[in-house]
Amino acid sequence: VDAVAADLRERAKQAEASMNVFPLSELLGTLKSLLANTRVFVLAIAVVALIIGGVGVLNTILMTVYERTKEIGMLKAIGASAGDVFRLIWLETLLTCIAGGVAGVAVAIGAARGVVALLARMLPHVPTGLSLGFSWDAAGLCLLVAVVLGLAAGAWPSYRASSVSPMEAIRGDLT
């Protein structure tokens, strides 16, 4: 195969034709390498997105705890246990993450349809039936990851809110 390709390259040079001759296996190897690099790049973007999402949830829940410190102190002063406060903050985190996960899946579906429509307009040779598939398994996995990541990120703010003493919280001395 390589000998045939080399012979064809030599003939193209002699004929002064402006074309490249190479075996199909070389093209397939290049495509495989490109796909592998693309997968690594997409994985890196996903990891960065997960870290940013976790820090975002952590920051959001920490700010809600900080803003409601006096309310948490009042709850504890009238008899709420540390476990009650923890569950309250964690439930809020859970609901926030479920809403964010559902919104994220909806935005992803909308963006994917927008990209397909844009490609269909920009590229004249795209087949008319081009579409991206939807998988309930993938959507469920995305929602599950959002909830698990959010609950993990919300554990420390929930613990912090549950461990504050009522008097410090009511005075606003939470540091």
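Being a predicted model, the structure only gives us computed values, none of them experimental.

1. Observations regarding the overall build of the chain
Here is step 1: Within the chain, the secondary structure is distributed over 6 helices and 0 strands.
Here is step 2: Along the chain, from the amino end to the carboxyl end, the secondary structure elements read α-α-α-α-α-α.
Here is step 3: A burial count over the chain gives 19% of its 175 residues as buried.
Here is step 4: Considering only contacts in the chain between residues 6 or more positions apart, those separated by 24 or more positions represent 73%.
Here is step 5: Only carbon and sulfur atoms are counted for the fraction: they give 70% of the accessible area of the chain, which is about 12500 Å².

2. Side note on the packing of helix α2 (residues 24-67) against helix α4 (residues 82-122)
Here is step 1: Between α2 and α4, whose axes approach to 11 Å, the crossing angle comes to 135°. Judged on the interaxial angle alone, α4 and α2 are oblique. Seen from above, α2 lies across α4 with right-handed handedness. Each of V57, I61, T64 and V65 in α2 lies in contact with α4, whose residues at this interface are I89, E92, T93 and C97.

3. Regarding the side chain of S162
Here is step 1: Its place among the elements puts S162 in helix α5 (residues 136-163).
Here is step 2: By relative accessible area, S162 is classed as buried at 7%.
Here is step 3: In terms of polar contacts, S162 uses its side chain to reach the backbone carbonyl oxygen of Y159, at 2.8 Å.
Here is step 4: When sequence neighbours within four positions are dropped, the list of residues in contact with S162 reads K76, A82, V85 and F86.

4. So, the pattern of salt bridges
Here is step 1: Enumeration over the complete set of coordinates arrives at 3 salt bridges.
Here is step 2: Close ionic contact of R68 with E71 constitutes a salt bridge, the shortest N to O distance being 3.9 Å.
Here is step 3: According to the relative accessible area criterion, R68 is partly exposed, its value standing at 23%.
Here is step 4: In this structure, the salt-bridge partner of R87 is D84, at a minimum N-O distance of 2.7 Å. One end of the pair, R87, and the other, D84, are both in helix α4, 3 residues apart, so they sit about a helical turn from each other.

5. Let's talk about the packing of aromatic side chains
Here is step 1: Inspection of every chain in the model, using the stated rule, returns 2 aromatic pairs.
Here is step 2: Centroid distance F134 to W136: 4.9 Å. Interplanar angle 90°. Geometry classified as edge-to-face.
Here is step 3: F134 gets classed as partly exposed once you look at its relative accessible area, which sits at 43%.
Here is step 4: Judged by relative accessible area, W136 falls into the exposed class, the value being 71%.

Here is what the cut-offs are and how they apply
Residues numbered from 1 in each chain as written. Predicted model: local features only at pLDDT ≥ 70, side-chain atom pairs only at ≥ 80, totals over all residues. Heavy atoms only, no water. Helix = DSSP H or I, 4+ residues; strand = E, 2+ residues; numbered from the N terminus. Buried < 20%, exposed > 50% of the residue type's maximum accessible area, 1.4 Å probe, protein only. Contact = heavy atoms within 4.5 Å. Areas by Shrake-Rupley, 256 points an atom, 1.4 Å probe, with all protein chains shown as cover. Axes fitted to C-alpha atoms, helices over the stretch in contact; angles between N-to-C directions. Parallel < 35°, antiparallel > 145°, perpendicular 65-115°, else oblique. Left-handed = near helix turned anticlockwise from the far one by under 90°. Polar contact = N/O pair within 3.5 Å; in protein donor to acceptor, adjacent residues only side chain to side chain. Salt bridge = Lys/Arg side-chain N within 4 Å of Asp/Glu carboxyl O. Phe/Tyr/Trp six-rings, centres within 6.5 Å; stacked < 30°, edge-to-face > 60°.

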